[in-house]
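Notes for the structure review
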Amino acid sequence: MNPVRDVALVGLGAIGILYAGQISARDPRCLRIVADAARLARYRAEPPALNGRRLDLNYATPEKFGPPADLVLVAVKSTGLAAALPVIAPLLGPDTQILPLLNGITAQDVLAEAFGWPRVLYGFVYCSSAMRTGNSVVQDGGEKIVFGEATNAPPAPRVRAVADFFDRLGIRYDVPADMRAAQWKKFILNAGINQAQALLRAPNRELQQNPASLQLARDLMNEAASVGAALGVAGAAEVPAWAETVILGASPNNRTSMLQDVEAGRAPEIDLFAGTICRLGKQHGIPTPANDRVLRTFTPA
């Protein structure tokens, strides 16, 4: 694969703004933000900001994007991924790589079904805290992109090309040997901390100070881990114990993206977590009562 020089970003929520800010601060000419005309008008009317710094970004509609991108970063919510596919299609050339930065375990499958596995990488973001108000994001560091092919021992040329781009811009990343195990590790953690905070409508201190609330998070994670183990995900059974230490060590004021969505009246990504766990649990004969509770709570009657 050729070096990555031209990047398109689809999705300007908390994660999109985070990486738009990082990339534009170091090489603004290499980045274009892609959306339909109505959405771009909203971005221009209320410019995004990262940690109080207004971002002056290059915008383009899919119809007027110009030469294909070397790399497409997809940072929409899982609920918006299907709608993003027609936006992504005009950005692609023969060697374009697509890197999803979404939560969950299915984004790469959706993208590969639309555009083919030779174009699509696995990917997600570890981010301890990203507080979003409108188009303004406050983030306190520690984030990294985790990406690669399903296995990376050693990384393929296309993975190395993206890693070289991140190195050039100083963007933190990790390329794990077993990408599926890494993806499930975060998925299990999020199934607990995101969903418990959203269900309780309380920040992380509630999980740290109330044993019953922490047990709710643990139950949600145990069910997810049981499903992962049934699917043959390496190390899935050990993840909940690790994830509990993460919850206990995080800031008491941590408000996950799902809690922020609930508080802002946005639709939370419940199907991404509880929905997936309950469907897979049913397929493999694994009871999922805690995730069933979340699904019932947030699914409209």
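Structure's up top.
The following paragraphs examine the structure supplied in this document. Just so you know, the residues in each chain are numbered from 1, in the order the chain's sequence is written. Where local features are concerned, this predicted model is filtered to residues with pLDDT of at least 70; where side-chain atom pairs are given and counted, the filter is 80 or more; whole-chain, interface and lining totals use all residues. The basis for every side-chain value is the complete set of heavy atoms in the structure, and neither hydrogens nor water enter the calculation.

Attention now moves to the sheet that holds strand 9 (residues 130-133). A pair of strands is treated as paired once DSSP finds two or more bridges between them. Helix and strand assignments come from DSSP, with helices taken as H or I runs of at least 4 residues and strands as E runs of at least 2, each series counted from the N terminus. Within the open sheet, the four strands sit side by side as 4-3-10-9. Their pairing is mixed. Each edge of the sheet is formed by a strand with only one pairing partner; in this case those strands are strand 4 (53-54) and strand 9. Direction of pairing for strand 9 relative to strand 10 (residues 136-139): antiparallel, over a ladder of four bridges. Among the inter-strand pairings, Met131 is bridged to a residue of strand 10, identified as Val138.

By nonpolar core is meant a set of buried Ala, Val, Leu, Ile, Met, Phe, Trp, Tyr and Cys residues that side-chain atoms within 4.5 Å join together. Type-normalised accessible area, obtained with a 1.4 Å probe on protein chains alone, sets the label of each residue: buried when under 20%, exposed when over 50%, and partly exposed for intermediate values. Leu12, Leu31, Ile33, Leu99, Ile145 and Phe147 are the most contacted members of the largest nonpolar core, which has 39 residues in total. Only strand 1 (7-10), helix 1 (14-26), strand 2 (31-34), helix 2 (37-45), strand 6 (71-74), strand 11 (144-148) and helix 5 (157-169) provide two or more residues apiece to this core. By definition in these notes, contact holds between two residues if any of their heavy atoms fall within 4.5 Å. Those residues in contact with Ile145 that sit more than four places away from it in its chain are Tyr19, Leu99, Leu101, Phe124, Val125, Phe166, Ile171, Arg172, Tyr173 and Asp174. Phe187, Ala225, Ala274 and Ile286 belong to the second-largest nonpolar core, a separate cluster that totals 37 residues.

Next up on the list: the sheet that holds strand 12 (residues 173-174). Strand order in the open sheet formed by three strands is 8-11-12, and the pairing between neighbours is mixed. Of all strands in the sheet, those with a lone pairing partner are strand 8 (122-126) and strand 12, marking the two edges. Pairing of strand 8 with strand 11 involves five bridges; the strand directions are antiparallel. Its bridge partner being in strand 11, Tyr122 is matched across the sheet by Gly148. Interaxial angle, 0 to 180 degrees, is taken between N-to-C directions of lines fitted to C-alpha atoms, where a helix line uses only the stretch in contact. In the packing of helix 5 onto the sheet, contacts are made with strand 11 and strand 12, and the angle to strand 11 comes to roughly 165°.

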